[in-house]
Amino acid sequence: MTWTDAAPPRIYRFALVTGASSGIGEAFAAALPAGTSLLLAGRDHDRLTLVAERLAHPGREVATIAADLTSEAGRAMVIERAERLGIDLLISNAGVGRFGRLLDHRAEEERETVDLNVTATVMLTHALLPGMLARARAAGERAGMILVASSTAFTPVPYLATYAASKAFDLSFGEALAEELRGEPIDLLTLCPGATRTRFAERAGYAGGQFPGAASPARVAREGLGALGRQTVHIVGASGLALAPVALARYAVTGGLGAALRRFVRP
């Protein structure tokens, strides 16, 4: 079975998509079923408005919030709005990185990568999951979360040192969280795209145009939604064949650690 042959994605009630003004985030917003209302978060108010206008239709709410997730105030704005709307799907996609030698970048640029890719991911997850789980239990349904990491999460990558390390954090965080939430009414997927045809390469300072072999954002979003509820980690692109045994080994180790440590966790 190919991912294009997979069953249509589930219709969630309300989805929060971060980094939704372009690239993979915009593709996720477009790929979600028309019956799923949207909260689109990003820094570019004008771009968010254009995306919202394109995806809105009668009976579907498409809300936007322009916020900087590297700041505590920006995160608080998004969390408050998502809680008020009662989201049952979180797509944690916003990310940033710089290409080149660490010492050639400003310290603020490296800190922004950590603040957005790591801190914002943890803070939004910690704040929003309790409400999502409570609503899912009350409704007798399942919530969902997609954490967008990267295929660079599996190995150190020179000239993307901080970015790859931040995505390694996201991968480990998502794998561990999926094990911790075993038995809870939520499906959690850590999605690891390879090179993707977005503005990431340009913004990162990569001088070669697009990274080689880049996939379309639509493919990444489609595969992510198709894998949600079926896998805990999904790798998009040609690197998936090479990294699949590593992902399976990590899954086995994480499950074993979860089983061994669970009896020591205080209720």
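Residues numbered from 1 in each chain as written. Predicted model: local features only at pLDDT ≥ 70, side-chain atom pairs only at ≥ 80, totals over all residues. Heavy atoms only, no water.

Draft legend 1. Main features of helix α4 (residues 107-139). A rise of 1.5 Å per residue sets the reference length of α4, with its 33 residues, at 48 Å; its end C-alpha atoms lie 46 Å apart and thus fit the reference within 8%. Remark: the principal bend of α4, roughly 35 degrees, maps to Leu 128, with a proline, Pro 130, within the next four residues. Two residues or fewer past α4, Gly 140 is found with a positive phi of approximately 65 degrees. (Helix = DSSP H or I, 4+ residues; strand = E, 2+ residues; numbered from the N terminus. Expected span 1.5 Å × (residues − 1). Bend = angle between axes of the 7 residues up to and from the residue.)

Draft legend 2. Structural view of the environment of His 234. Mapped onto the elements, His 234 comes out in strand β7 (residues 233-236). For His 234, a relative accessible area of 7% puts it in the buried group. In this structure, the C-alpha to C-alpha distance between His 234 and Asn 93, residues 141 residues apart in sequence, is 14 Å. A polar contact of 2.6 Å, which involves the side chain of His 234, links it to the side chain of Glu 223. (Buried < 20%, exposed > 50% of the residue type's maximum accessible area, 1.4 Å probe, protein only. Polar contact = N/O pair within 3.5 Å; in protein donor to acceptor, adjacent residues only side chain to side chain.)

Draft legend 3. Quick peek at the packing of helix α1 (residues 23-31) against helix α7 (residues 217-227). Running from amino to carboxyl end, α1 crosses α7 at an angle of 55 degrees, the nearest separation of the two axes being 8 Å. When the interaxial angle is binned, α1 and α7 end up oblique. Read as a crossing pair, α1 and α7 show a hand that is right-handed. Contacts between α1 and α7 pair Gly 23, Ile 24, Ala 27, Phe 28 and Ala 31 from the former with Pro 217, Ala 218, Val 220, Ala 221, Gly 224 and Leu 225 from the latter. (Axes fitted to C-alpha atoms, helices over the stretch in contact; angles between N-to-C directions. Parallel < 35°, antiparallel > 145°, perpendicular 65-115°, else oblique. Left-handed = near helix turned anticlockwise from the far one by under 90°. Contact = heavy atoms within 4.5 Å.)

Draft legend 4. Structural context of unusual backbone geometry. A positive phi angle, close to 75 degrees, is found at Tyr 159, a residue other than glycine. Here Tyr 159 lies in the loop between β5 (143-148) and α5 (161-180).

Draft legend 5. Representation of the packing of aromatic side chains in the model. Scanning the model with the defined rule gives two aromatic pairs in all. Ring geometry for Phe 99 against Tyr 159: centres 6.3 Å apart, planes inclined by 45 degrees, an arrangement best described as tilted. Here Phe 99, found in the loop between β4 (89-92) and α4, pairs with Tyr 159, found in the loop between β5 and α5; they are 60 residues apart in sequence, far enough to count as distant. Given the relative accessible area of 47%, Tyr 159 is considered partly exposed. Seen from their ring centres, Phe 169 and Phe 173 are 5.9 Å apart, and the 15 degrees between their planes marks the pair as stacked. With Phe 169 and Phe 173 both in helix α5 and four residues apart, this pair spans about one turn of that helix. In this structure Phe 169 comes out as partly exposed when scored by relative accessible area, which is 35%. (Phe/Tyr/Trp six-rings, centres within 6.5 Å; stacked < 30°, edge-to-face > 60°.)

Draft legend 6. Representation of the sheet that holds β4 within the structure. The strand order across the open sheet formed by seven strands is β3-β2-β1-β4-β5-β6-β7, and the pairing between neighbours is parallel. Every interior strand has two partners, whereas the edge strands, β3 (62-66) and β7, have only one. Neighbour-to-neighbour, the strand axes of this sheet turn through a mean angle of 15 degrees, independent of strand direction. Note: strand β2 (residues 37-42) against β3, five bridges, orientation parallel. Residue pairing across strands places Leu 40 opposite Thr 64, the latter belonging to β3. This element, helix α2 (residues 45-55), spans β2 and β3 of the sheet and lies at about 175 degrees to β3. (Pairing = 2+ DSSP bridges.)

Draft legend 7. Spotlight on the pairing of strand β6 (residues 186-193). Burial of β6 is extensive: eight of the eight residues sit out of reach of the surface. Crossover connection from β5 via α5 to parallel β6: handedness right-handed. For β6 and β7, the ladder comprises four bridges, and the chain directions are parallel. Considered in β7, the bridge of Cys 192 is made with Ile 235. (Right-handed = clockwise from strand over helix to strand, strands pointing away.)

Draft legend 8. Seen up close, the side chain of Glu 26. Here Glu 26 shows up in helix α1. Within the local environment of Glu 26, its side chain forms a polar contact with the side chain of Arg 47, the two groups lying 2.9 Å apart. Setting aside chain neighbours within four positions, we find Glu 26 in contact with Gly 19, Ala 20, Ser 21, Arg 47, Val 51 and Arg 54.

Draft legend 9. Just α1, in detail. Within α1, seven of the nine residues are buried, which leaves it mostly tucked inside the rest of the structure. Taken together, the buried positions of α1 are Gly 23, Ile 24, Gly 25, Glu 26, Ala 27, Phe 28 and Ala 29.

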